[in-house]
Amino acid sequence: MRNSPRRLRRMERILAISRELASILSPEEILHRIVQVAADVIKCESVGILLLNEQTNDLRFVAVTRFQNQLLDIPVPIASSIAGAAFTTAQPVIVNQVADDPRYYPRVAATTGVPARTLLAVPLQFRNRKIGVLEAENKKRYRRFDAVDVETLTALAVQTTIAIENARLFEQAQQEISARARVEDELRQQRDQFEARVADRTRELSALYAVSAIATRSQNLETLLNESLAQVMTALHCSSGAILLTAEKTSAVEPARLQLVAHCNMPPDLALPREMFPTEGGWFAALREQRRPLVISDVAADSRAPAAMRALGSQALLMSPLYPDGQMLGVIGLLRGAEQAFTAEEIALVTTVSDQMAIALHSHRLRQMAQQAALLEERHRLARDLHDSVTQALYGVTLFAQASQSSIRVGNLPLTGQYIGRLNETARQALKEMRLLIFELRPSLLEQVGLAGALRQRMEAVERRAGVAIELKVAELPDLPGELESHLYQIAQEALNNILKHSAATWVALRLTMEARQLHLAIEDNGKGFDPAKVGSAAGIGFASMRERAERIGGRLQIDSKPGVGTRVSLTVPVVG
């Protein structure tokens, strides 16, 4: 759970680079961009892509972040290298103590002069064909590679594999075009047929690019599946289609289930259930075993077909599994007349589309996991805050009320007055804490009223209602990036929370001004102050969070305070543009 935000940031970065790669035409540029992004995301000193040289049966560098001129001609043996181990086993290999690993191939270090401390290698594999290895070297700050690094580099390896395969397909297409140009006179009589084929291929490729665009932009699973299905059906002239996804199991003994999640133009009299249970020897079992598309030339003649589908008559069916990471997530199925047999090119197109959809589905599930983890962490934080603040204060109210009753019974009115005073003070503090927690549970105000409005509503709803005099001055500001506004609001909110919880202030002022492309935020109070060198753990965590956010936006945070003279928090942030 601790790594979930980190995983989410990385997967968002991988989705962003996927969109960027879609606009790059040069295969070499794509590979070099991938290694650069990998080195930046994983925070390591070097990343390289090694591909199989089938003539010499070894691995060769084709892209690397450092020492490219020295490394491109070096053969890396498969049988005696860490990269070769990942290639051979088709599994990621982590070595966090390279000097002790007998598989380490020293020639690379001898050439570059930079010894390897840690290595992470993941295989590049297109379906069942091994292509090469994506390798990261020397985690920065002398850290070790971990499971999140493996997951990140594996996701990037999928992008690399798709880029390499697309480049290979593009090269084949170029070769075909060149060959056709050389025999143009001979093919002139077949021009009409050729033009029709080109039109079909263009339509198919347009569908492929459309599905890729949908996968990169769509955050909604239903939209992704329905729009992708419609694009493929149009490209292949299919009469109907459907997508089924495997349902998550609630227990180990629960049987596998497939749920119908998207469909288009299914006959109204086709009584397909919303859930299906794969059987041994059936279509889904065959897809799981062979991991490639399954073509049924005539559904009516296939004994494995459900009775409802056989009743449709002669129909050709093409099914392709969704396999992003070794686990089948679902199936896409397409139907058209049996007289229109699916061609090899159409099967290849559906396979590529399935790969794109599988990656998008996998990313969607990872995003859901990260969001659920973040939500759970927020619930735990609120529970801790309730226990540490409001619950303790209410317990104190109960104790003082009981003490007051006891002192009244014995007639000790001075002591009763003291207890009632303490009870009133504790109840007021509990009310402050509760208002603060309620405000934090409200929907984000930034998108609704902007930074200035959100700060004003926060101080009106919490500080003023808690009896604290407020002074707010926000200058007219230019349009700020959403991320910058979010960090500014969170820093201000953390400072105000600390004041409300710890300072006993009766006045607080917040000023947000702009001068010479510098944004200045200042928050001060007349509370009891403190010695910054002796802050407690709770305040220390809050200050650490504020400093971390300030660093993310390139700002400078300063906290000035002394016991008895209040506190001033100031932040200066350069604004670009």
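The paragraphs below set out a description of the structure included in this document. Owing to the predicted nature of the structure, the values given are computational and were not obtained by experimental measurement.

Definitions and cut-offs
Residues numbered from 1 in each chain as written. Predicted model: local features only at pLDDT ≥ 70, side-chain atom pairs only at ≥ 80, totals over all residues. Heavy atoms only, no water. Helix = DSSP H or I, 4+ residues; strand = E, 2+ residues; numbered from the N terminus. Buried < 20%, exposed > 50% of the residue type's maximum accessible area, 1.4 Å probe, protein only. Contact = heavy atoms within 4.5 Å. Areas by Shrake-Rupley, 256 points an atom, 1.4 Å probe, with all protein chains shown as cover. Expected span 1.5 Å × (residues − 1). Arc of directions from axis to C-beta. Pairing = 2+ DSSP bridges. Axes fitted to C-alpha atoms, helices over the stretch in contact; angles between N-to-C directions. Patch = residues over 30% accessible without salt bridge, like charges linked within 9 Å, V, L, I, M, F, W, Y side chains within 5 Å. Salt bridge = Lys/Arg side-chain N within 4 Å of Asp/Glu carboxyl O. Lys, Arg positive; Asp, Glu negative; His and termini not counted. Charge placed at Lys NZ, Arg CZ, Asp CG, Glu CD. Parallel < 35°, antiparallel > 145°, perpendicular 65-115°, else oblique. Nonpolar A, V, L, I, M, F, W, Y, C, P; charged D, E, K, R; others polar.

Looking only at helices and strands, the chain has 16 helices and 17 strands in total. Residues counted as buried form 44% of the 577 residues belonging to the chain. Of all intrachain contacts in the chain linking residues separated by at least 6 positions in sequence, the fraction that spans at least 24 positions is 59%. Of the roughly 31000 Å² that the chain leaves accessible, carbon and sulfur atoms contribute 52%.

Before going further, it helps to spend a moment on helix α9 (residues 221-236). Spanning 16 residues, α9 covers 23 Å between terminal C-alpha atoms, matching the ideal 22 Å at 1.5 Å per step. Of the positions making up α9, those classed as buried are Leu-224, Leu-225, Ser-228, Leu-229, Val-232, Met-233, Ala-235 and Leu-236. What you see down the axis of α9 is that its buried residues fit within an arc of 160°, all on one side. Structural note: α9 exposes Glu-222 and Thr-234 on the side pointing more than 90 degrees away from its buried face. Backbone geometry just after α9 places His-237 at a positive phi near 55°.

Moving on, we come to the sheet that holds strand β2 (residues 58-64). Strand order in the open sheet made by the 6 strands is β3-β2-β1-β6-β5-β4, with antiparallel pairing throughout. Looking at which strands have only one partner, the edges of the open sheet turn out to be β3 (75-76) and β4 (93-95). Bridging between β2 and β3 involves 2 bridges; their strand directions are antiparallel. Directly across from Arg-60, in β3, lies its bridge partner Pro-75. Along the sheet, helix α2 (residues 27-42) makes contact with β1 (44-53), β2 and β6 (129-139), crossing β1 at roughly 140°.

The next subject is the environment of Leu-496. Assignment of secondary structure puts Leu-496 in helix α15 (residues 482-503). Considered as a pair, Leu-496 and Val-462 are 34 residues apart in the sequence and their alpha carbons are 9.4 Å apart.

Moving on: a positive patch on the surface. A contiguous patch of positive charge, built from Arg-9, Lys-43, Lys-140, Arg-141 and Arg-143, is present on the exposed surface. Looking at where Lys-43 falls in the secondary structure, it is placed in the loop between α2 and β1.

A complete count under the given rule lists 13 salt bridges for this structure. Arg-458 serves as the salt-bridge partner of Glu-463, at 2.7 Å between the closest nitrogen and oxygen. Summarising the burial analysis for this pair, Glu-463 and Arg-458 share the class buried. Its salt-bridge partner being Arg-511, residue Glu-524 comes within 3.0 Å of it at the nearest N-O pair. With Glu-524 in strand β15 (residues 518-525) and Arg-511 in strand β14 (residues 507-515), the pair connects residues that are 13 residues apart, well separated along the chain. Using a relative accessible area of 25% as the deciding quantity, one classes Arg-511 as partly exposed. Beyond isolated ion pairs, a larger network of salt bridges with shared partners links Glu-471, Arg-511, Glu-524 and Arg-568.

So, about the packing of α2 against helix α6 (residues 147-182). Packing of α2 against α6 brings their axes to within 10 Å, and their N-to-C directions diverge by 175°. As the angle between them shows, α2 and α6 are arranged roughly antiparallel. Where α2 abuts α6, its residues Pro-27, Ile-30, Leu-31, Ile-34, Ala-38, Val-41 and Ile-42 lie against Asp-149, Thr-152, Leu-153, Leu-156, Gln-159, Thr-160, Ala-163, Ile-164 and Ala-167. For the contact of α2 with α6, the residue count by class is 12 nonpolar, 3 polar and 1 charged.

On to the sheet that holds strand β16 (residues 556-561). If you walk across this open sheet you meet the 5 strands as β13-β14-β15-β17-β16, and the pairing is mixed. The open sheet terminates on both sides in strands that have one partner only, identified here as β13 (469-474) and β16. Sheet twist, expressed as the mean angle between neighbouring strand axes with direction ignored, is 10°. Pairing geometry for β15 and strand β17 (residues 567-574), over 8 bridges, is antiparallel. Counterpart to Asp-525 in the pairing with β17 is Thr-567. Packing against the sheet, α15 makes contact with β14, β15, β16 and β17, and its axis sits at approximately 10° to β15.

Another aspect to go through is the environment of Arg-143. Assignment of secondary structure puts Arg-143 in the loop between β6 and α6. Separated by 26 residues in sequence, Arg-143 and Arg-117 have C-alpha atoms that sit 9.7 Å apart.

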